[in-house]
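# Structure assessment
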Amino acid sequence: MTQTQEKLTSRIDGMREEISRMCDEIFTHPEIGRQEFFAQKLLCDFLISHGFAVEQGVGGIPTSFRTVWEQGSGGPSVGLLCEYDALKGFGHGCGHHMQGPAILAAAVAVKELWGDAPLKLVVYGTPDEELGEGKVTMIQNGCFEDIDFALMTHVAPDTTVDIKSLAMNTTRVRFHGKAAHAAIKPEDGRSAVDALMLAIHGFELLREHVRSDVRLHYVIDKAGETANVVPDFAEARFVVRSYSGEYVDRVWKRMEKIMQGAALMTETTAEVEILSGCQDKIPVMCLNETMMGYAKELNAPQIIPYREQTGSTDFGNVLHRIPGAQIRVAFVPRGTSSHSQAYLDAGMSQALYDAAVLAAKILALTTWDLGADAALRENIQRQFTENLAKARQEAAL
């Protein structure tokens, strides 16, 4: 490492106690999406104590925040994004409590050590990732337009980066029928539950006629109150996923026809509402390679080239607008599932603290390169433009 790089990593080592403390405090105060007021205050107080001016409640979400530090003018703008929401009823079983402390430590190190060259550093607190809506809402309200690159981190069973993620649409469907006595006057009733059962059957049959990367799942939220009344209302949520956001949209249009067909067959009505939508990630290999290069140089544990199977994230919506990457750092044994008791058990462990410190170092070093290396920035932008166009062409086939 160069002398500057050693100074960056040393500065982050000096914040290890603060990083660990913040991880613990967020872990022991889990808050679900859009209710993360404790985590927001903790992270904002840390930023303020290190000379950042913080704006809270940006992008239409009260628990978000944004801070900007700029040296000179006209330089590249690097965004560091962090999540801090917990799972409903399961605490920080996804490990989001480490993201804010790692991101903030990286921002402090870069701010304190950067020289006179122009650079803009923007930190975004992005709530409500688990429901897949937070960054979508923030985009709709003008956030992330002030950054050229977006960086994130996440804990994982392996140290790696993503080259893809599943785009996702979550839809609520409500069927409205007509109630009647199920024994005395069944002919007067129009069953919303019948409509829902037909819709689910059609949804299941759809599996045979979609691409192999598509995932279809659903949950029934309401299906009548008593057996001797023809139910006049039923409600369920349906999820469509694919590695292509454009293909998700095409499958969703077919799904909507299934819902309306079920309503037609039962003389009910269907109310179809999209609740949230996550786009797929657009990979930028040279940026991924930069982050993984530092992971190897820092002797990160359990390194693999990239993840074969991924879930969905609203970070994908950001990465359809600007290039970016997310470094995942191992803190549990290989093969461990997220959203699991194993994640909770390791949530206040030395392995978690090590992961947060390591992530902060990788983020700081990558941010520094983005600010200092014009050739790297040009290569990232070129690959991003090419890969975005390629993704759209493939989805149209």
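The notes below deal with the structure included here. (Residues numbered from 1 in each chain as written. Predicted model: local features only at pLDDT ≥ 70, side-chain atom pairs only at ≥ 80, totals over all residues. Heavy atoms only, no water.)

### Let's talk about the sheet that holds strand β8 (residues 215–223)
What the four strands build is an open sheet, ordered β8-β9-β7-β10; its pairing is antiparallel. Taken across any chain shown, the strands that pair with only one partner, and hence form the sheet edges, are β8 and β10 (269–278). Direction aside, neighbouring strands of the sheet carry axes that sit 15° apart on average. Each of β7 (167–176), β8 and β9 (233–242) touches helix α6 (residues 192–206); the most contacted strand, β9, lies at about 15° to it. Packed on one face of the sheet, helix α7 (residues 245–266) meets β7, β8, β9 and β10 and runs near 10° to β7. (Pairing = 2+ DSSP bridges. Helix = DSSP H or I, 4+ residues; strand = E, 2+ residues; numbered from the N terminus. Axes fitted to C-alpha atoms, helices over the stretch in contact; angles between N-to-C directions. Contact = heavy atoms within 4.5 Å.)

### Describing helix α8 (residues 285–297)
For α8, built from 13 residues, the straight-helix expectation of 18 Å at 1.5 Å per residue is met to within 8% by its first-to-last C-alpha distance of 18 Å. Listed in full, the buried residues belonging to α8 are Cys286, Leu287, Asn288, Thr290, Met291, Met292, Tyr294 and Ala295. The first or second residue beyond α8 is Asn299, which carries a positive phi of 60°. (Expected span 1.5 Å × (residues − 1). Buried < 20%, exposed > 50% of the residue type's maximum accessible area, 1.4 Å probe, protein only.)

### Points about the pattern of salt bridges
Should their charged atoms come close, side chains of opposite charge can pair. Overall, the coordinates contain 26 salt bridges when judged by the stated rule. One salt bridge in this structure joins Arg66 and Glu55, with 3.8 Å as the shortest N-O distance. Remark: Glu55 occurs in strand β1 (residues 54–56) and Arg66 occurs in strand β2 (residues 65–71); sequence separation between them is eleven residues. Glu225 is the salt-bridge partner of Lys222, the closest N and O atoms lying 2.4 Å from each other. Overall, Lys222 belongs to the partly exposed group, its relative accessible area being 34%. Via salt bridges that share partners, Arg172, Arg174, Glu235, Glu271 and Glu273 belong to a single interconnected network. (Salt bridge = Lys/Arg side-chain N within 4 Å of Asp/Glu carboxyl O.)

### Observations regarding the packing of aromatic side chains
Across all of its chains, the model carries seven aromatic pairs by this definition. Ring centres 5.0 Å apart and planes at 85° place the aromatic pair Phe331 and Tyr343 in the edge-to-face group. Here Phe331 is found in the loop between β11 (324–330) and α10 (341–345), whereas its partner Tyr343 is found in helix α10, with twelve residues between them in sequence. Here Phe331 matches Tyr343 in class, with each residue buried. Joined through ring pairs, the aromatic side chains of Phe203, Tyr218 and Phe238 make up one cluster. Taking the ring centre of Phe52 as reference, the NZ or CZ of Lys111 above it sits at 5.3 Å. Residue placement shows Arg211 over the ring face of Tyr247; its charged tip is 4.2 Å from the ring centre. (Phe/Tyr/Trp six-rings, centres within 6.5 Å; stacked < 30°, edge-to-face > 60°. Lys NZ or Arg CZ within 6 Å of the ring centre and 35° of its normal.)

### Some words on the sheet that holds strand β5 (residues 149–156)
The seven strands lie next to each other as β1-β2-β4-β3-β5-β11-β6, forming an open sheet whose pairing is mixed. Lying at the two open borders of the sheet, with one neighbouring strand each, are β1 and β6 (160–161). Strand direction decides the pairing type here: β2 and strand β4 (residues 119–125), joined by seven bridges, are antiparallel. Considered in β4, the bridge of Gln71 is made with Leu119. Along the sheet, α8 makes contact with β5, β6 and β11, crossing β11 at roughly 30°.

### Regarding the pairing of strand β3 (residues 77–82)
Taken across its six residues, β3 has six buried, putting it largely inside the fold. On β3, burial covers both faces: Ser77, Gly79 and Leu81 on one face and Val78, Leu80 and Cys82 on the other are all buried. Two elements, β3 and β4, share six bridges in a ladder whose sense is parallel. Within β4, the residue paired with Leu80 across the bridge is Val123. What joins β3 to β4 is helix α4 (residues 99–113), and the crossover it makes is right-handed. The sheet contact formed by β3 and β5 spans three bridges and is parallel. (Right-handed = clockwise from strand over helix to strand, strands pointing away.)

### Structural notes on the environment of Ala391
You can see Ala391 is positioned in helix α12 (residues 374–396). Ala391 sits in the buried class, given a relative accessible area of 17%. Put simply, Ala391 and Gly91 are 300 residues apart on the chain and 35 Å apart in space, counted from C-alpha to C-alpha.

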